[in-house]
Amino acid sequence: MSLNQFIETSQYGKEIEKLFIEKQELEFLSCNQDGANGEIILAKNKHLNREVAIKIYDHEKDSIIHEPTLVARINHENILKVHDAGLLSSQGYSTSYYVMERAQESLTSFLNRERISTQLALKLFKDLMKGLSCLHSKEFNLIHRDLKPDNLLVESNCLKIGDFGSIKRLNSSNKSFVYKHSILYRPPESFGSQGFFDKKSDIYQAGIIFAELLGCSLSTNGENYLSRRERAKYDALRTYAEKAILIDKVIESRITTQKLVDYSKFPFYIDTKLISIIRKMVCSHEKRFNSIADVLAALTVYERSKKNWTADKYGNLTLEQFKGKDYQIVLERGGYLIKHRRCSQNFLQIPNTGVYDSKEAAYKELNRIISKK
Amino acid sequence: MVVFGIELKGSDAIVVVVEKANDGQCIGKEYKKISLNSTNQDDAQSFRDLFVALIDQYSPSKIVINTRQQKGEYAAGAVTFVMEGILLTLNQVDVISVAGATIRAKLKSGAIQTQLDGYPKYTEKAFQLASLGCL
């Protein structure tokens, strides 16, 4: 799509035209439909000869325009660098833009594209925690308020926090007003007339993302959250608006009662210690981890006994580099076999093991064998 | 002023975060036992990341660690020196070492308290190090 075609079709046509007239150094490359709340344009800075991403977004007429400018001061490996920001129009809602470095893809598309090992999930989660720790630091005192896989970017297995349209600097009360996008990722304390966001709200959203990284994805189809009774109520409604309101209420109820994450959906090989960490991240505001350092400390305790399980596209499970060996649970001969290998040789069936009916049974047996060693 | 007192012992770093109030009193903010699980690169990185997060959270003026004997019969464990090396690479904050004799002298003169009320016994030395940093 050319720039002129994009200007004609985009709801921000005028603003985009203004931006490219003002910023002569930018050359339009393409548009990216991945981002919610606004448009993302991929462009090239001709002076610096590097590709950049430009986010154009609406916001209320308040100081939020300055927040990407605050982020521009941050130089952290896990936060997308903001090169420039500005206001494009202020009729009704304000429309602003910021120019940031371009990353390969969003976490959503990364997770859709490949199955990741527990180790990589942990690495990406730690990257998120490191970036968040920098935002939360005493120096910047910022909260993101809209952490979700769409707003996180992955490049060379390194995660970066992006989308700074919702970032807010905390005042003396250390609380901020509620940001109402993406209901699925809103923390329990953000609902109600006294709803608020604080640093622990970002920890909640990071906890949901951690669950998704470990294979317990949230359904983006609101209807999947309806119980049988709610489903009957939903079917009886006529208009789309009424249905949307009901779904929002159901999701809100799930969030406030801490039933949004379905813990039975985690792959069975995910360590219960990791699930406990997620539980403590997505629980009520009072019981939640107080800080990023607390989350990282809990992860350090888990890492003493960590196991790096990976599931491939055929459903075979591999445990890599556990006490000098690799292990595999593989579907063969009408059942599941437990195999091992050393030094990247071929996998061989472990002596005195049989053919197991289910993957879970083979997993239990393998755990028994390796815990003896 | 916020100061971290860190006692390096075995494979643990016992951290006490102390804030000096206007009246000169040291107030304990938090304590933590952070372990270095092994000396491989991943664990060393995790250990460092955790300290960076703690520094982000409190923005301390300095970190005070205990000096340990490097050789001889009573030499400290090798892992503590790996931990010390990691802490010395933290460029956001000054890291200083204090000898046990200095702590004993300050305790004797009454310049620092022995222990914080409500904190466990194992945090005693880390608290004394933090208190020394507040002087």
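Calculation rules
- Residues numbered from 1 in each chain as written.
- Chains lettered and ligands numbered in written order.
- Predicted model: local features only at pLDDT ≥ 70, side-chain atom pairs only at ≥ 80, totals over all residues.
- Heavy atoms only, no water.
- Helix = DSSP H or I, 4+ residues; strand = E, 2+ residues; numbered from the N terminus.
- Rg over C-alpha atoms; globule rule 2.2 N^0.38 Å.
- Buried < 20%, exposed > 50% of the residue type's maximum accessible area, 1.4 Å probe, protein only.
- Contact = heavy atoms within 4.5 Å.
- Areas by Shrake-Rupley, 256 points an atom, 1.4 Å probe, with all protein chains shown as cover.
- Lys, Arg positive; Asp, Glu negative; His and termini not counted.
- Charge placed at Lys NZ, Arg CZ, Asp CG, Glu CD.
- Buried area = accessible area lost by both parts, 1.4 Å probe.
- Salt bridge = Lys/Arg side-chain N within 4 Å of Asp/Glu carboxyl O.
- Polar contact = N/O pair within 3.5 Å; in protein donor to acceptor, adjacent residues only side chain to side chain.
- Pairing = 2+ DSSP bridges.
- Axes fitted to C-alpha atoms, helices over the stretch in contact; angles between N-to-C directions.
- Parallel < 35°, antiparallel > 145°, perpendicular 65-115°, else oblique.
- Nonpolar A, V, L, I, M, F, W, Y, C, P; charged D, E, K, R; others polar.
- Core = buried A, V, L, I, M, F, W, Y, C linked by side-chain atoms within 4.5 Å.
- Phe/Tyr/Trp six-rings, centres within 6.5 Å; stacked < 30°, edge-to-face > 60°.
- Lys NZ or Arg CZ within 6 Å of the ring centre and 35° of its normal.

### Re the overall build of chain B
Each helix and strand in chain B was counted, giving four helices and five strands. In chain B, the succession of helices and strands from N to C terminus is β-β-β-α-β-α-β-α-α. Here the C-alpha radius of gyration of chain B, 14 Å, is about what a compact globule of 135 residues would show, namely 14 Å. Each of the three principal axes of chain B carries a C-alpha extent, and together these read 45 × 35 × 25 Å. Here chain B holds 135 residues, and 47% of them are scored as buried. Long-range contacts, defined as pairs at least 24 residues apart, comprise 61% of the intrachain contacts of chain B with a sequence gap of at least 6. When the accessible surface of chain B is summed, it comes to about 6,600 Å², and 48% of that surface belongs to carbon and sulfur atoms. For chain B, the centre of its 14 positive side-chain charges and the centre of its 14 negative side-chain charges are spaced 8 Å apart.

### Quick notes on the overall build of chain A
A tally of regular secondary structure across chain A gives eleven helices and 15 strands. Taken against the 2.2 N^0.38 rule, which gives 21 Å for 373 residues, the C-alpha radius of gyration of chain A at 23 Å falls within 12% of a compact globule. Dimensions of chain A, computed from the C-alpha atoms along their principal axes, are close to 75 × 55 × 45 Å. Here chain A holds 373 residues, and the buried ones make up 55% of them. Taking contacts inside chain A between residues at least 6 apart in sequence as the whole, the part at least 24 apart equals 57%. Carbon and sulfur atoms provide 47% of the accessible area of chain A, an area that totals close to 18,400 Å². Positive and negative charge centroids in chain A, built from 57 and 46 side chains respectively, lie 7 Å apart.

### Here we look at the environment of Asp42(B)
Mapping Asp42(B) onto the fold places it in helix α1 (residues 41-58). With residues up to four places along the chain from it excluded, the contact list for Asp42(B) reads Gln119(A) and Lys306(A).

### Some words on the interface of chain B and chain A
Contacts between the two partners involve 17 residues from chain B and, on the opposite side, 17 residues from chain A. In total, chain B and chain A occlude about 1,300 Å² of area from one another, counting both sides; carbon and sulfur atoms represent 48% of this. Sorting the residues of chain B by area buried against chain A places Asn37(B), Leu50(B) and Asp56(B) first, and these three jointly supply 33% of that buried surface. The interface formed by chain B and chain A includes two salt bridges. Here Asp294(A) and Lys32(B) are joined by a salt bridge, their closest N and O atoms 2.3 Å apart. There are seven residue pairs in polar contact (both at pLDDT 80 or more) connecting chain B and chain A.

### Remarks on the sheet that holds strand β2 (residues 39-45) of chain A
Residue and element names in this part refer to chain A. With respect to topology, five strands assemble into an open sheet ordered β1-β2-β3-β5-β4, the strand pairing being antiparallel. Every other strand in the sheet has two partners, leaving β1 (26-32) and β4 (82-89) as the edge strands with one partner each. Ignoring strand direction, the axes of neighbouring strands in this sheet form an average angle of 25 degrees. For β4 and strand β5 (residues 94-101), the ladder comprises six bridges, and the chain directions are antiparallel. Pairing of Ala85 across the sheet is with Tyr98, part of β5.

### Regarding the packing of helix α9 (residues 272-281) of chain A against helix α10 (residues 292-303) of chain A
What describes two packed helices is the angle between their axes and the distance between those same axes. Residue and element names in this part refer to chain A. The contact between α9 and α10 brings their axes to 10 Å, and the two run at 170 degrees. Between α9 and α10, the crossing angle belongs to the class labelled roughly antiparallel. Between α9 and α10, the residues in contact are Lys273, Leu274, Ile277 and Met281 and Val295, Ala298, Leu299 and Tyr302, respectively. By residue class, the composition of the contact of α9 with α10 is seven nonpolar, no polar and one charged.

### Some points on the nonpolar core
In this structure, Phe125(A), Phe210(A), Phe266(A), Met281(A), Phe4(B) and Ile6(B) are the most contacted members of the largest nonpolar core, which totals 120 residues. Here this core gets ten residues from one element, more than from any other, and that element is helix α5 (residues 118-136) of chain A. In this structure, Ile6(B) is in contact with Ala13(B), Ile14(B), Val15(B), Phe51(B), Ile63(B), Val64(B), Ile65(B), Asn66(B), Leu87(B) and Leu129(B), ignoring residues within four places of it in sequence.

### Digging into the packing of aromatic side chains
Taken as a whole and assessed by the stated rule, the structure comprises 14 aromatic pairs over all chains. Between the aromatic rings of Phe4(B) and Tyr58(B), the centroid separation amounts to 6.1 Å while the plane-to-plane angle is 80 degrees, which identifies the pairing as edge-to-face. Highlighted residues: Phe4(B) in strand β1 (residues 2-9) and Tyr58(B) in helix α1, separated in sequence by 54 residues. With relative accessibility at 10%, the residue Tyr58(B) sits in the buried group. On the numbers, 5.0 Å between centres and 55 degrees between planes, the contact of Phe47(B) with Phe51(B) is tilted. Remark: Phe51(B) and Phe47(B) occur in helix α1; sequence separation between them is four residues, near one turn of the helix. Take Phe47(B): its relative accessible area is 1%, and that puts it in the buried class. Through successive ring pairs, a cluster of aromatic residues spans Phe268(A), Tyr269(A), Trp309(A) and Tyr363(A). The side chain of Arg186(A) reaches across the aromatic face of Phe191(A), ending 4.2 Å from its centre. The positively charged end of Arg279(A) is found above the aromatic ring belonging to Tyr263(A), 3.9 Å away from the centroid.

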